[in-house]
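Tertiary structure, described
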Amino acid sequence: MAENVKVAVRVRPFNKREKARNATLIVQMSGATTKLIDPEAPNDEPKSFTFDYSYWSHDGFAEDETGYLGAVAPNYADQRKVYNDVGQSVLNNAWDGYNSTLFAYGQTGSGKSWSIVGYGANKGIVPIFCDEMFKGIQKKKDEGDTGQYEVMFSMLEIYNEQVRDLLNPASNKKGGLKIRQHPKKGFYAEGLKTVPVSSYKQIEDKMEEGTLNRTVAATNMNATSSRAHTIVGVTFVQKNKNAAGEETAKTSLINLVDLAGSERADSTGATGDRLKEGAAINQSLSALGNVISALVDKANGQNVRVPYRGDSALTRLLKNALAGNSKTAMIAAISPADINYDETLSTLRYADRAKQIKTTATVNEDPTEKLIRDLQEQNAKLLEKLKAAESGQVIRIDDDDDDNDDDGKMSDEEMAALRKQIEEDIRASMADTEKAVADMNKTWEEKLAETDQASTDKEAQKKERMETPHFWNLNPDSQLTGMIVHLLKKDKVKIGNKKADPPADIQLAGLNVQKEHCEVTIAGDKITITPIGDAKLLINGEPITEEEELEHHDRVMFGSSHLYVFHHPKQADKSTIKAESINYEMAQEEIAQNSGFDMEEGSNKDAMLLQEDLVDLVPMVEEANAISMELDRKVSFEVVVMTAKARGLSEGKSEPYVLMRNLENGLEWLWPKKKFINRKYLMQEMYSNYEEGEDWALPDERDPFTESPDVDFMIGCVEVSMESLGYVLDMREQLNITDFRGKEVGYLNVEVVPLDSKGKEITEDTDLFIDNPRDLIGEKLDFVVRITSARGLPKKYTDVYCSYKLFLDEDPKTEKVSGTSNPDFNYERKFHFDPVNEQFVDYLMKKSVVIQLWGKQIPDKKPLNKAAKEGKDTKAIMKAENMNKGMAKGSKNVPALMNISDHVTMKRRKERLELKINQIRKICDRREEEGHIAVKIADIRAIIGDSNANTPTSNARSGATQPQERRNESSACAIL
Ligand SMILES: Nc1ncnc2c1ncn2[C@@H]1O[C@H](COP(=O)(O)OP(=O)(O)OP(=O)(O)O)[C@@H](O)[C@H]1O
Ligand SMILES: [Mg+2]
């Protein structure tokens, strides 16, 4: 019977960062309902969603002596509660012979791993499930059950569309494991190691082994593990005799899936980059989204095609879980904090869709004899298909495979490729079936004996760790933190890469690690570290160049991806810094701070998000530079912060960009964060090809290090205040052009001049002036914008033009001017507003127009520095550049756009007001001379040109917001 996917939502506590920043709680739960408050509209009705379960794990708990978080409030859902609801039913299904899948979805850091795997004493569903399964088996045996119970364990990771066997890292050749399609099993990873396990302890060891392999792979490649999906597979077989005395096997395959952080899902395609192929960053999550959507449509009776096969390894491996023979549940993990509102809403929507999917599970139970017979028959059929395929007939591997519907629309080439794939699948399926038959004929004892069942003595290991100085790793994924430990067991420990001869005591792979990188010396209680040559070594974020003493809990960065914490056993007891307070973010913040970025606690959401982006980007840029050096690509990368103004917007938040610079010809390109990340993945791929000795060079059009010199580069911008127009004043100024680094790069001559009803310019001498810009509302306003010329631009640009945006207008542009650094644009454009509305007056008074100057860069023939002149490699050129810049400081270049025109308007207003005061003074003097003691109000009004309380001292902004009691009939209005 078809059954809906069960969906649970779980909200975690605030993390340290959210607490430090006084985050607001925006999630509410009652019963199975989850409500989400929009922090931008806190008084609106919260968005409400109902699931099978809503788990409140935000507060209402206390930590016991073992570290377990238990409930102190009745609504708190602890690990056991979640297991009892969700995990237990998976186990029950397994006993009944159903396949089950449980997957965790949610943004990075939302608590997916917490629920699925757990941390320390807070064991998640996987360990409790395994533990309970073995307890159940034991109980049966204790009750005299004579059945045979077999448990097999596997663990794989999908990273960047490659399937890696976490229990057999040696098998992970380039490209990872192949995904094959089997007529019965559906999609599976070919050659995945599945180890027989006979106790919970063995599963625990295997999981640790898999996690360690994940950590090593992630660290060496500096890969972000939160972009990887992990699938733990448990196969549970129960063999018993049936009434007829035949041996039967009840089989259940349980997949426990910890998905990659969901916020990466949108990074595909939306990078604005021409290099799309590499955007597979998390293609699989978007593909999963598409499959879920299609399945929901299908469940609602629509006839749609479900794109399993697509480009995604994940959807193929999860096909059964989503539509086939499986009982499926999903845990959607969410953050409680306001800054994650968008992500949380999208997770809840995803979960809401998933709950509509239906799957149909059947009990997998058959007599062993029959199973073997079926398998053999199946192979015979496959053999026929293979023969048919080889003789050129159309074949398909699975009759209900939706993707085969595409046959008719395929090109010959695609058909040929599909045919080849199917043939390969058939061969692999046949081999798989043969192995399954052979396995069935083996006894469980034989199978167990085939794998290494040695298990580790954890207590002894822990003791040794505490007593020996060592480094333990930091990883952005807290699950992978502390997994790698390098014990320092000698007085002198050499650290380097695998090429070192004699071999290094601690081998680190990856970027920027030298053959002989550094040496640790232990002399009694004093432990020091010395970099060798110009090896990159940071301690607590600071680069070191000579011997330095290591203290307990120092953060040490070797090269550009190996981040470790030092453990000094003699100082451990006295240490004031707690291990828990050290994490990856903190260490990266330290590094970012030392490279010149301000990491003060941000007070608002935008500042917080910017800081988080910087903490993400700084190590990636570092890595891109390291790859460029290693592959001698002659480009360098740098993080720059661009204000909204520098991006041509009159308001908005600052955003991080990455500047790529060609070290041979000085050309520069600014990439938005997403585009850079996309490129960095391609660079990483290029580097891994290089490391594996493969052909790594790519043609220009696919090379992540190249960019066309023809793209326009923003030379700089000026901000033009429109305030003068609000007072019907002209503005003719020479304004400083500021580049994205905040450097002045020339002047722009700009005029904004109001026009009278005849189209004649209103100038300074025309004494038409209003005191309150709101008087313009309802009237007509004409004006002209002129961009006459720029002066003193850097010589490296040609084809220069300006673009700007004024109010709701499209993007007007000047003509392009080439071959001069003093271009005359002679641009003029008239604007006509009739009638002026309130919105436009607000715009004039509060916003400004940003004029951007764009140009094409001319390659510089002069070498960048001495090293470049001498034809040295990227590393030497970059080093020389950094020396020039005064040590590798990152650029914290928030452009300081001077609002010159604001001052001009104010000055002008002041002059005019002084003029009026003088006129009043003159009237007073004259009246006094004439022997009067009073002045006619009407005379004064005529001078100030206003009838209400606008005093000459009120400033432009407050003046603009003061209430108007009577329509103004000042002389200035007459011109409109
Ligand atoms: N229910 C919870 N109770 C207490 N702490 C939690 C809970 N859920 C998550 N955390 C903490 O929040 C942090 C992030 O959780 P977790 O590692 O599970 O996130 P994730 O969703 O797996 O992230 P990623 O996508 O990076 O793998 C961890 O330090 C974890 O200890
Ligand atoms: Mg995780």
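Conventions we followed
- Residues numbered from 1 in each chain as written.
- Chains lettered and ligands numbered in written order.
- Predicted model: local features only at pLDDT ≥ 70, side-chain atom pairs only at ≥ 80, totals over all residues.
- Helix = DSSP H or I, 4+ residues; strand = E, 2+ residues; numbered from the N terminus.
- Buried ≥ 20, exposed ≤ 12 C-beta atoms within 10 Å, placed from the backbone.
- Contact = placed C-beta atoms within 7 Å.
- Pairing = 2+ DSSP bridges.
- Axes fitted to C-alpha atoms, helices over the stretch in contact; angles between N-to-C directions.
- UniProt positions renumbered as here; feature names shortened; annotations may be inferred.
- Core = buried A, V, L, I, M, F, W, Y, C linked by C-beta atoms within 7 Å.
- Parallel < 35°, antiparallel > 145°, perpendicular 65-115°, else oblique.
- Left-handed = near helix turned anticlockwise from the far one by under 90°.
- Nonpolar A, V, L, I, M, F, W, Y, C, P; charged D, E, K, R; others polar.
- Expected span 1.5 Å × (residues − 1).

**A word on the overall build of the protein**
Helix and strand content of the protein: 24 helices and 42 strands. Buried residues in the protein amount to 40% of all 976 residues. A sequence separation of at least 24 residues applies to 68% of the contacts in the protein between residues at least 6 apart.

**Quick word on the sheet that holds strand S22 (residues 470-473)**
With antiparallel pairing, the 6 strands of this open sheet are ordered in space as S23-S22-S32-S31-S28-S29. In the strand order of this sheet, the two ends are held by strand S23 (485-487) and strand S29 (542-543), each with one partner. Sheet topology places strand S31 (residues 555-558) next to strand S32 (residues 562-567); 4 bridges connect them, and they run antiparallel. Its bridge partner lying in S32, Arg-555 is registered against Val-565. Set on the sheet, helix H14 (residues 584-594) makes contact with strand S28 (537-539), S29, S31 and S32; between it and S31 the angle comes to about 70°.

**A few points about unusual backbone geometry**
In this structure, the amide linkage connecting Asp-501 to the following residue, Pro-502, adopts the cis form with an omega of 0°. As for its position among the elements, Pro-502 is in the loop between strand S24 (492-496) and strand S25 (506-507). Following Asp-834, the chain continues into Pro-835 via a peptide bond in cis, with omega recorded as -5°.

**Looking at the sheet that holds strand S35 (residues 668-672)**
Sheet architecture is open: 3 strands sit in the order S33-S34-S35, paired in antiparallel fashion. With partners counted over all chains shown, the strands left at the sheet margins are strand S33 (635-642) and S35, one partner each. With strand direction ignored, the average angle separating the axes of adjacent strands in the sheet is 30°. Bridge count between strand S34 (residues 655-662) and S35: 5 bridges; the pairing is antiparallel. Paired with Tyr-657 across the two strands is Pro-672, which belongs to S35. The strands touched by helix H16 (residues 673-691) within the sheet are S34 and S35, with S35 carrying the most contacts at an inclination of about 100°.

**Considering H14**
Along H14, the residues classified as buried are Ala-587, Gln-588, Glu-589, Ile-591 and Ala-592. A positive phi of about 105° marks Gly-596, the residue just after H14.

**Side note on the environment of Asp-145**
Its place among the elements puts Asp-145 in the loop between helix H4 (125-142) and strand S12 (148-159). For the pair Asp-145 and Asn-240, spaced 95 residues apart in sequence, the C-alpha to C-alpha distance is 9.2 Å.

**With respect to the UniProt feature "binding site: ATP" (unreviewed entry) in the protein**
UniProt's entry tags Gly-106, Gln-107, Thr-108, Gly-109, Ser-110, Gly-111, Lys-112 and Ser-113 with the feature "binding site: ATP" (unreviewed entry), counted in the numbering of this structure. Within the secondary structure layout, Gly-106 lies in the loop between strand S9 (100-105) and helix H3 (112-116). For Gly-106, the contacting residues outside a window of four places in its chain are Gly-111, Lys-112, Ser-262, Ala-332, Ala-333, Ile-334 and Thr-347. With respect to the helices and strands, the residue Ser-110 is situated in the loop between S9 and H3.

**Some points on the nonpolar core**
Burial of nonpolar side chains together is a common tendency in soluble globular proteins. Core analysis: the biggest nonpolar cluster contains 109 residues, and Val-658, Val-752 and Ile-851 have the highest contact counts within it. Excluding anything up to four places from it in sequence, Val-658 contacts Leu-617, Val-621, Phe-637, Glu-638, Val-639, Trp-671 and Phe-676. Counting 86 residues, the second largest nonpolar core, distinct from the first, contains Ala-104, Tyr-159, Leu-314 and Leu-348.

**Description of the pairing of strand S18 (residues 247-258)**
Of all 12 residues in S18, 9 are buried; the element is thus mostly enclosed. Here S9 pairs with S18 via 5 bridges, running parallel. In the strand pairing of S18, Ser-100 is matched with Ile-254. Hairpin connection between strand S17 (residues 228-241) and S18: a loop of 5 residues separates the two successive antiparallel strands, and Gly-245 in this loop has a positive phi of roughly 85°.

**What about the packing of helix H2 (residues 79-96) against H4?**
Following both chains from N to C, one finds H2 and H4 inclined at 45°, their axes separated by 10 Å at the closest point. Judged by the angle between their axes, H2 and H4 are oblique. As for the relative orientation of H2 and H4, their crossing is right-handed in sense. Contact with H2, carried on its side by Val-82, Tyr-83, Val-86, Gly-87, Val-90, Leu-91, Ala-94 and Trp-95, involves Ile-125, Ile-128, Phe-129, Glu-132, Met-133 and Gly-136 of H4 and no other residues of that element. By residue class, the composition of the contact of H2 with H4 is 11 nonpolar, 2 polar and 1 charged.

**Topic: H16**
Taking 1.5 Å as the rise per residue, H16 with 19 residues should run 27 Å; its terminal C-alpha atoms sit 26 Å apart, in good agreement. Turning to H16, its buried residues are Lys-675, Phe-676, Ile-677, Asn-678, Arg-679, Lys-680, Tyr-681, Leu-682, Met-683, Gln-684, Met-686 and Tyr-687. Remark: Gly-693 follows H16 within two positions and exhibits a positive phi of approximately 75°.

**Thoughts on the environment of Ser-335**
Position of Ser-335 relative to the elements: it lies in the loop between strand S19 (327-334) and helix H9 (341-354). Judged by the 27 C-beta atoms lying within 10 Å of it, Ser-335 is buried. Considering only alpha carbons, one finds Ser-335 and Leu-25, 310 residues apart in sequence, at a separation of 9.1 Å. Once you skip the residues sitting within four places of it in the chain, Ser-335 turns out to touch Arg-12, Gln-107, Ser-110, Asn-340 and Thr-344.

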